[in-house]
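Each chain, letter by letter, is given below.
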Amino acid sequence: RVMADTSKVRAVAWDPSGTAALSLCPVPSTNARPSISAAADEFLLDVFLSHDGTGCNAEETECLLRQLDARDDWIEDQAQSRHKKGKQSKSMITKLSMDYRAAVCECLMQLQAKQQKQQDMSDDDDNNDNSSNSDNLELLTLSFAVSHLAEIFLLPSLSASSNFRGGLSAAAATTNSSRLDDGPSGSLTADTIRYLRLHHSRSHALLDSPEVEELLSSDQPEYYKSSNSAIPGPFEYPYWNLILQLVKSGQLDNAWTVLTHHSACRHAEEAAMTGRPLTPEGEGFAVLRAILLSAPLPGGRGDDYCVDDAGLDDFLEEDILEREEKEARLNNGFNNSNDEEEEENVPPENINEQYVDGVPRNGYLLWEDRPRHADRLRKLRYLRDLRKCGQPSDESEYSSPTVLPEVYQPNSAMSIFHTWQDVIKREASFPSSGSSGGFGLGGGQGGALDALFRRFPPLQQILSVLVGKVPPNIANDPSLTWSETLLMELLYSRPDISPDDISARANAIMSRKGDGRKHALDEIILSIMSGSAGQVVETMFSLCGGSSGAALPATVTSLLCNLLIDAGCISSEEASSSSVNIQTELLILAAEAILSSFSVQEQSNVGVRAAVRLLLPHAPPKRVEGEVVYEPRISATIAEAISHRLPDTDAEARDLLHLCEEAIRLGSVRIADACESIAFSRASFHR
């Protein structure tokens, strides 16, 4: 061994105020005692980070802590379930996944609002660089999409714990397997449509664009033209292309809203309000309204009462809606709020008024996992809107148009869907034989849309999409994407598609649109749709920032991997017996990213607590299929994090000791030794 020159030796120590900062003292140039003036320059400490942390802003920190809270609550619920029933329900894992996604969704909305505010403030500052914020937002958006897709195709149904005739299969009810494996035909259609709408559709962005605002405010929007229109489509005028975009994604409620701005529709409305007889075009618009606002489409038609595209509103609002309704019943149908502004709102229309014979307005809920539960939330939202307008919400007067089944029933959903399409075919296929006597459908009117088709040919082509017949000019439009093609197929042609056929149809459409070539992200989507849990983890790690050293992406990746293992999508035997235990590796990488990221921004107390919380459930020995499984690296990482932290207060020390109490009780000596160092440091402080 070569002896080092002692004059070159540098003192090395962990920064006691941090957990990932290594401090190196400088080597003095001479052995002479430095002057006071030179001391500041000559004895500045060199600080190095043991890991590559990139920081964690307030929005990401809140998201990270919310996910850890959700995970801890789930662990507690599972322990209580095992104590009461002797087993745990894997369907509860889907609720945990929704908790994770809800935290990420809230973080995304906050970051987008923050970014928009910064852009508005820096319009005049050309030197302002928001590239790093945009990169973080893009990675988090991709993580949200991947976790959403994994939840649909890999995790069990929320209603998997019960078996109902004609609905979920017996295998799905008893094994809590994924809906991809045992779901009946059409059981994944609604969720897949919502995923495609949220993450791949352009219609949401178009509705918020300045061009659409200008178009709809014009006197004759159907003839509006822009020199460089951002609304893609095969038609000459952007107005019809906008309606087509909404129809392609199944947002028929918004499509009707756009149609009400048509000059002929406005004239028909004015005639109806003044008592004048409707023209053939007016009758056609009345029929069109009934068709669009009754559509029993999987995933909903885009109104304010169906399940949102993220699939989270029902999950998050249920307790709030139930509590508001209970308070209203105690106050004779009113809430305690006396906000006068709410009473000025326009009362909602009767959401159960039937427009088409044989097609209830809530027919789209038949495609949901739990139709009756979804209808209950739809009713609570409607009653809440009534109360906001100062009207009493008497639940006893709410009459549902039909009693929905407890779980998804494919035959019931398809029967209503075919009835709706048959009405469209009848009203669009025969010429009008005279004026109709009413606004309802199904009374033998026949060809009521013929007058509209003669005046506005694009409308006939758009409505043909609703019956699954896509005209060549729409199907061959260069701007048509694979996701829009798949959406139209799932919405109007094959809503009862078998779950395992969705990836095959997506693959065929992608290949046709890309001349046989697919992008890397397309391959990832297909792999997850086919049931590859490994692809989820690989994508989160390599493309979504799981390996970047950023605290939130690394934590999201680790928690999602744990969730897939708990759900049985990734074998726990393979995870623990392979040369590289992916679960342990991701946990440790996430903990290191948390520690270093918070150390960078001088919030080591938050980082240590979050990292310890992340790792603790995996530190104690576990019994897997009769064998004790123990991962010493987890305990070692916890002990190292605690040992490198010098608590600032007794409260922080007490909190860390309380977190580790259960692990110490179960026999973790390394964690106990680290906790002793915390107690010793506080004792030394008070000495």
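All values derive from a computational prediction rather than experimental measurement.

1. So, the overall build of the protein chain
Each helix and strand in the protein chain was counted, giving 31 helices and five strands. For the protein chain, the exposed area adds up to about 33000 Å²; of that, 50% sits on carbon and sulfur atoms.

2. A look at helix α15 (residues 371-388)
Spanning 18 residues, α15 covers 26 Å between terminal C-alpha atoms, matching the ideal 26 Å at 1.5 Å per step. Counting buried positions along α15 gives 14 out of 18 residues, so the element sits mostly inside the fold. At the C-terminal side of α15, Gly-390 shows a positive phi close to 80°.

3. Things to note about the pattern of salt bridges
Using the criterion set out here, one finds 29 salt bridges in the structure. The closest approach of N and O atoms between Arg-202 and Glu-484, which form a salt bridge, is 2.8 Å. With Arg-202 in the loop between α7 (189-200) and α8 (203-207) and Glu-484 in helix α20 (residues 482-493), this pair connects stretches of sequence that are 282 residues apart. According to the relative accessible area criterion, Arg-202 is partly exposed, its value standing at 27%.

4. Points about α20
The end-to-end C-alpha distance of α20, which contains twelve residues, comes to 15 Å, matching closely the 16 Å that a straight helix rising 1.5 Å per residue would cover. Burial within α20 is extensive, with eleven of its twelve residues counted as buried. Looking at α20, one finds that the buried residues are Trp-482, Ser-483, Glu-484, Thr-485, Leu-486, Leu-487, Met-488, Glu-489, Leu-490, Leu-491 and Tyr-492.

5. Digging into the confidence of the model for the protein chain
Model confidence for the protein chain is summarised by a mean pLDDT of 82, while 78% of its residues fall at 70 or above. Of the regions scoring below 50 in pLDDT, residues 1-6 engages in zero contacts with residues more than four places distant in sequence or in other chains. In the model, residues 337-343 has pLDDT below 50 throughout and makes six contacts with residues more than four positions away in sequence or in other chains.

6. A closer look at the environment of Lys-114
With respect to the element layout, Lys-114 can be found in helix α3 (residues 91-121). Sequence separation between Lys-114 and Glu-59 is 55 residues; the distance between their C-alpha atoms is 9.6 Å.

7. A short note on the nonpolar core
Core analysis: the biggest nonpolar cluster contains 166 residues, and Trp-420, Leu-466 and Tyr-492 have the highest contact counts within it. Tallying contributions element by element places α3 first for this core, with eleven residues. Excluding its chain neighbours within four sequence positions, the residues that come into contact with Trp-420 are Leu-252, Ile-291, Ser-294, Ala-295, Pro-296, Leu-297, Val-359, Leu-466 and Tyr-492.

8. Section: the packing of helix α10 (residues 238-248) against α20
The angle between the axes and the distance between the axes are what describe a pair of packed helices. Interaxial distance between α10 and α20 falls to 9 Å at its minimum, and their mutual angle equals 60°. Contacts between α10 and α20 involve Gln-245, Val-247 and Lys-248 from the first element and Glu-484, Leu-487, Met-488, Leu-491 and Tyr-492 from the second. Class assignment of the residues belonging to the contact of α10 with α20 gives a composition of five nonpolar, one polar and two charged.

9. Here we look at the environment of Asp-99
As for its position among the elements, Asp-99 is in helix α3. On the accessibility criterion, Asp-99 (29% relative accessible area) is partly exposed. Each C-alpha atom of the pair Asp-99 and Phe-315 lies 8.7 Å from the other, and the pair is 216 residues apart in sequence. Sequence-distant contacts of Asp-99, defined by excluding residues within four places in its chain, comprise Ala-70 and Phe-315.

Scoring rules and cut-offs
Residues numbered from 1 in each chain as written. Predicted model: local features only at pLDDT ≥ 70, side-chain atom pairs only at ≥ 80, totals over all residues. Heavy atoms only, no water. Helix = DSSP H or I, 4+ residues; strand = E, 2+ residues; numbered from the N terminus. Areas by Shrake-Rupley, 256 points an atom, 1.4 Å probe, with all protein chains shown as cover. Expected span 1.5 Å × (residues − 1). Buried < 20%, exposed > 50% of the residue type's maximum accessible area, 1.4 Å probe, protein only. Salt bridge = Lys/Arg side-chain N within 4 Å of Asp/Glu carboxyl O. pLDDT = per-residue confidence, 0-100. Contact = heavy atoms within 4.5 Å. Core = buried A, V, L, I, M, F, W, Y, C linked by side-chain atoms within 4.5 Å. Axes fitted to C-alpha atoms, helices over the stretch in contact; angles between N-to-C directions. Nonpolar A, V, L, I, M, F, W, Y, C, P; charged D, E, K, R; others polar.

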